Amino acid sequence: MWLSKKFGRADKDFSEIGAVSVGGNAVIKTASTIQSEEVRNYAPYGYSAYAPDGEEILLINSAGGTAGAGTKMKNERLSTGEISITSIGNAKIMLKNNGDAEINGFVFTKDGKIRNQKGEVVFDS
């Protein structure tokens, strides 16, 4: 009984919050309770991002090493089911729950219209 408890105990947490110390795409360096040099950075399929220095990141410890599970989301005013992608330079894409896509203030409606920031139709298919 004592042996099963002793060997079944994890010596470290499975996850922790850290900060990106040297940004990158697939591999980054982080600082948390320990410095991690070769953190593999993961994202949903098809997404790629360069994690900037200082960004808060969720670190997952595994048998294969430390993995970055993603950076902390920004506090955006999104409705259920909406997606926002923003670059460090403030380029922005929003996929709205009504089927519209907004790119840097221009709205591409699901019925083929393009509206400017004033809401005026600038293209109608």
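See the structure shown above.
Residues numbered from 1 in each chain as written. Predicted model: local features only at pLDDT ≥ 70, side-chain atom pairs only at ≥ 80, totals over all residues. Heavy atoms only, no water.

**Q** For this particular structure, what's the right way to read the pairing of strand β1 (residues 15–22)?
**A** One face of the sheet, then the other: side chains in a regular strand alternate in exactly this way. For β1 and strand β4 (residues 56–62), the ladder comprises five bridges, and the chain directions are antiparallel. Its bridge partner lying in β4, S15 is registered against I60. Between β1 and strand β2 (residues 27–31), which pair antiparallel and follow one another directly, the connecting turn spans four residues. (Pairing = 2+ DSSP bridges. Helix = DSSP H or I, 4+ residues; strand = E, 2+ residues; numbered from the N terminus.)

**Q** Please clarify how the pairing of strand β11 (residues 121–124) should be interpreted in this entry.
**A** Judged from the three bridges that link them, strand β10 (residues 113–115) and β11 form a sheet pairing that is antiparallel. What sits directly across from I114, in β11, is F123.

**Q** How should a nonpolar patch on the surface be read in this particular structure?
**A** A grouping of Y47, I83, I85, I93, L95, I103, F106, F108, V122 and F123 is seen on the molecular surface, where their side chains present a nonpolar patch of about 850 Å² in accessible area. Contributing elements (two or more residues each) for the nonpolar patch: β6 (83–86), β7 (92–95), β9 (106–108) and β11. Structurally, I93 is set in strand β7. (Patch = residues over 30% accessible without salt bridge, like charges linked within 9 Å, V, L, I, M, F, W, Y side chains within 5 Å. Areas by Shrake-Rupley, 256 points an atom, 1.4 Å probe, with all protein chains shown as cover. Salt bridge = Lys/Arg side-chain N within 4 Å of Asp/Glu carboxyl O.)

**Q** When you look at unusual backbone geometry in this model, what are you seeing that I'm missing?
**A** For residues besides glycine, phi is generally negative; the peptide bonds are generally trans as well. Even without being a glycine, N90 presents a positive backbone phi close to 75°. With respect to the helices and strands, N90 occurs in the loop between β6 and β7. Residue N90 is classed as exposed on the basis of its relative accessible area of 60%. In this structure, N104 is a non-glycine residue whose phi angle is positive, near 50°. Mapped onto the elements of the fold, N104 is located in the loop between β8 (101–103) and β9. Take N104: its relative accessible area is 43%, and that puts it in the partly exposed class. (Buried < 20%, exposed > 50% of the residue type's maximum accessible area, 1.4 Å probe, protein only.)

**Q** Looking at this structure, how should I read the sheet that holds β6?
**A** Whenever strands of a sheet pair, they do so through backbone hydrogen bonds, lying parallel or antiparallel. Pairing in this open sheet of six strands is antiparallel, and the strands run β6-β7-β8-β9-β10-β11 from one edge to the other. Both edges of this open sheet fall to β6 and β11, since each of them pairs with a single strand only. Mean inter-strand twist for the sheet, computed between neighbouring axes without regard to direction, equals 15°. With four bridges joining them, β6 and β7 adopt antiparallel strand pairing. (Axes fitted to C-alpha atoms, helices over the stretch in contact; angles between N-to-C directions.)

**Q** Explain the side chain of N61 here, please?
**A** Relative to the elements of secondary structure, N61 occurs in strand β4. Within the structure, the side chain of N61 is placed 3.4 Å from the side chain of T66, a separation counted as a polar contact. (Polar contact = N/O pair within 3.5 Å; in protein donor to acceptor, adjacent residues only side chain to side chain.)

**Q** Any chance you could explain the pattern of salt bridges here in plain terms?
**A** Oppositely charged side chains can form a pair if their charged atoms are brought close together. Per the stated rule, a full pass over the model turns up five salt bridges. Taking the shortest distance from any N to any O, the salt bridge between K74 and E55 comes out at 2.5 Å. Placement of the pair is K74 in the loop between β5 (65–71) and β6 and E55 in the loop between β3 (35–41) and β4, with a sequence separation of 19 residues. Look at E55 and you get buried, because its relative accessible area is 18%.

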